[in-house]
Amino acid sequence: MEQSTSDERPVKIEESWYEILKGEFEKPYFGYLKQFLLKERQAGYVIYPPGSRIFAAFDYTPFWDVKCVIVGQDPYHGPRQANGLCFSVNDGQKKPPSLVNIFRELNNDLGYAIPYSGNLEKWAHNGVLLLNTILTVRAGQPKSHHGHGWEELTAEAISALSEKRDHLVFILWGREAQMKEELIDPDKHLILKSHHPSPYSAEKGFFGNHHFSRANDWLEAHGIEPIDWNLVDKPDSESEYL
């Protein structure tokens, strides 16, 4: 978690999100969280994602640009995978099984080609907040940073979007994500739920959920430009397909 060099802010995060979350950065739980991460590093543990990418979801998708929120759990815990966006991996990394299934559903729903890269930065730039509820993890140990404060911060982010914005889409895949449903006003926003895209549950209700097209239908119905879910720039190029 990097310190800002330009001002007295306790964290370096995109401006609009800083204004929304600045009160959280002064609370005791956040101070504890910073000390926990410091102790983890002092003990020699490798933490993912890198410090400059911890708040990438917020940095790529400013508060007032959000159209859709996809809620994940914690970052990938393997080397060079996590880039701060839920379900996303860095270019050149093998796509995890859940992401493979997400792309399969995208292809079935909207017909878009399945890309080689699992990097979802384009979605983030198009208004999709790809938010893990836990923003860091110890290398090789999933959920190792559970219960140390990240959940409070990301819950506040979801609550603020629900309260201050209108007509957003919240996509909740699996039980962990659906626990955040209580933070969202269903009278203002569209909540889409299904099983998780994990190979253990995708066949039970993730495939065929049509969440990508349903999200765009909702946005268009409320006068909002739909999301460009297509991640393939050259659909006629074989190199872009699995």
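Structure first, text after, so check above.
The structure presented is a predicted model; accordingly, all values stated were derived computationally and were not measured. (Residues numbered from 1 in each chain as written. Predicted model: local features only at pLDDT ≥ 70, side-chain atom pairs only at ≥ 80, totals over all residues. Heavy atoms only, no water.)

Asker: Now, about the overall build of the chain: what can you tell me, with residues and values included?
Answerer: Summing up its helical and strand segments, the chain has eight helices and six strands in all. Listing every helix and strand of the chain by position from the N terminus yields α-α-β-α-β-α-α-β-β-α-β-α-β-α. Computed over the C-alpha atoms, the radius of gyration of the chain is 18 Å, within 12% of the 18 Å expected from 2.2 N^0.38 for a compact globule of 242 residues. Once the C-alpha set of the chain is aligned to its principal axes, its extents read approximately 45 × 40 × 35 Å. Here the chain, with 242 residues, has 55% of them falling under the buried criterion. Look at the contacts in the chain between residues 6 or more apart in sequence, and 66% of them connect residues 24 or more apart. Counting only carbon and sulfur atoms, one obtains 48% of the accessible surface of the chain, whose full area is about 11400 Å². Across the chain, 25 positive and 35 negative side-chain charges occur, with their mean positions spaced 6 Å apart. (Helix = DSSP H or I, 4+ residues; strand = E, 2+ residues; numbered from the N terminus. Rg over C-alpha atoms; globule rule 2.2 N^0.38 Å. Buried < 20%, exposed > 50% of the residue type's maximum accessible area, 1.4 Å probe, protein only. Contact = heavy atoms within 4.5 Å. Areas by Shrake-Rupley, 256 points an atom, 1.4 Å probe, with all protein chains shown as cover. Lys, Arg positive; Asp, Glu negative; His and termini not counted. Charge placed at Lys NZ, Arg CZ, Asp CG, Glu CD.)

Asker: A description of the packing of aromatic side chains should follow, citing residues and the corresponding values.
Answerer: The description of an aromatic ring pair uses the distance of the two centres, along with the angle that the planes make with each other. Applying the stated rule across the entire model yields 16 aromatic pairs. With a centroid separation of 6.3 Å and 40° between ring planes, the pair formed by phenylalanine 55 and phenylalanine 58 is classed as tilted. Here the two residues phenylalanine 55 and phenylalanine 58 agree in accessibility, since each one is buried. Through a chain of ring-to-ring contacts, three or more aromatic side chains come together here, namely Phe87, Phe103, Trp123, Trp173, Phe206, Phe207, Phe212 and Trp229. Here the basic side chain of arginine 104 rests over the ring of phenylalanine 207, its NZ or CZ set 4.0 Å away from the ring centre. Note that arginine 138 overlies the ring of tyrosine 45, its terminal NZ or CZ placed 3.6 Å from the centroid. (Phe/Tyr/Trp six-rings, centres within 6.5 Å; stacked < 30°, edge-to-face > 60°. Lys NZ or Arg CZ within 6 Å of the ring centre and 35° of its normal.)

Asker: An account of the pattern of salt bridges is needed here, citing residue identities and associated values.
Answerer: Inspection of every chain in the model, using the stated rule, returns ten salt bridges. One salt bridge connects glutamate 40 with arginine 138, and the closest N-O pair in it is separated by 2.7 Å. Of this pair, glutamate 40 sits in helix α2 (residues 28–42) while arginine 138 sits in strand β4 (residues 137–138), and the two are 98 residues apart along the sequence. Exposure remark for glutamate 40: the relative accessible area of 6% places this residue in the buried category. Across the pair arginine 104 and glutamate 203 runs a salt bridge whose closest N-O atoms are separated by 3.9 Å. Of this pair, arginine 104 sits in helix α4 (residues 97–110) while glutamate 203 sits in the loop between β6 (190–194) and α8 (211–221), and the two are 99 residues apart along the sequence. Judged by its relative accessible area of 39%, arginine 104 is partly exposed. (Salt bridge = Lys/Arg side-chain N within 4 Å of Asp/Glu carboxyl O.)

Asker: I'd like a rundown of the sheet that holds β6, residues and numbers included.
Answerer: Spatial ordering of the open sheet is given by β3-β2-β5-β6, a layout of four strands whose pairing is parallel. Strand pairing shows two members of the sheet lacking a second neighbour, β3 (128–132) and β6, which therefore form its edges. Averaged over all pairs of adjacent strands, the angle between their axes in this sheet comes to 20°, without regard to strand direction. Relative to strand β5 (residues 169–173), strand β2 (residues 68–72) runs parallel, the two being bridged by four bridges. Bridge pairing in β5 links valine 71 to leucine 172. Across the sheet, helix α6 (residues 150–164) lies against β2, β3 and β5, angled at about 150° from β3, the strand it touches most. (Pairing = 2+ DSSP bridges. Axes fitted to C-alpha atoms, helices over the stretch in contact; angles between N-to-C directions.)

Asker: Kindly report on α2, identifying the contributing residues and their values.
Answerer: Taking 1.5 Å per residue as the helical rise, α2 with its 15 residues ought to reach 21 Å, and the 21 Å between its terminal C-alpha atoms agrees with that figure. Buried within α2 are the following residues: Tyr29, Phe30, Leu33, Phe36, Leu37 and Glu40. Considered in projection along α2, the buried side chains sweep an arc of 115° and stay on one side of the axis. Along α2, the residues that are exposed and aim more than 90 degrees away from the buried face are Pro28, Lys39 and Gln42. Summarising the contacts, the buried residues of α2 are in contact with β1 (47–48), β4 and α6. Of the residues flanking the end of α2, it is glycine 44, one or two places downstream, whose phi is positive at about 95°. (Expected span 1.5 Å × (residues − 1). Arc of directions from axis to C-beta.)

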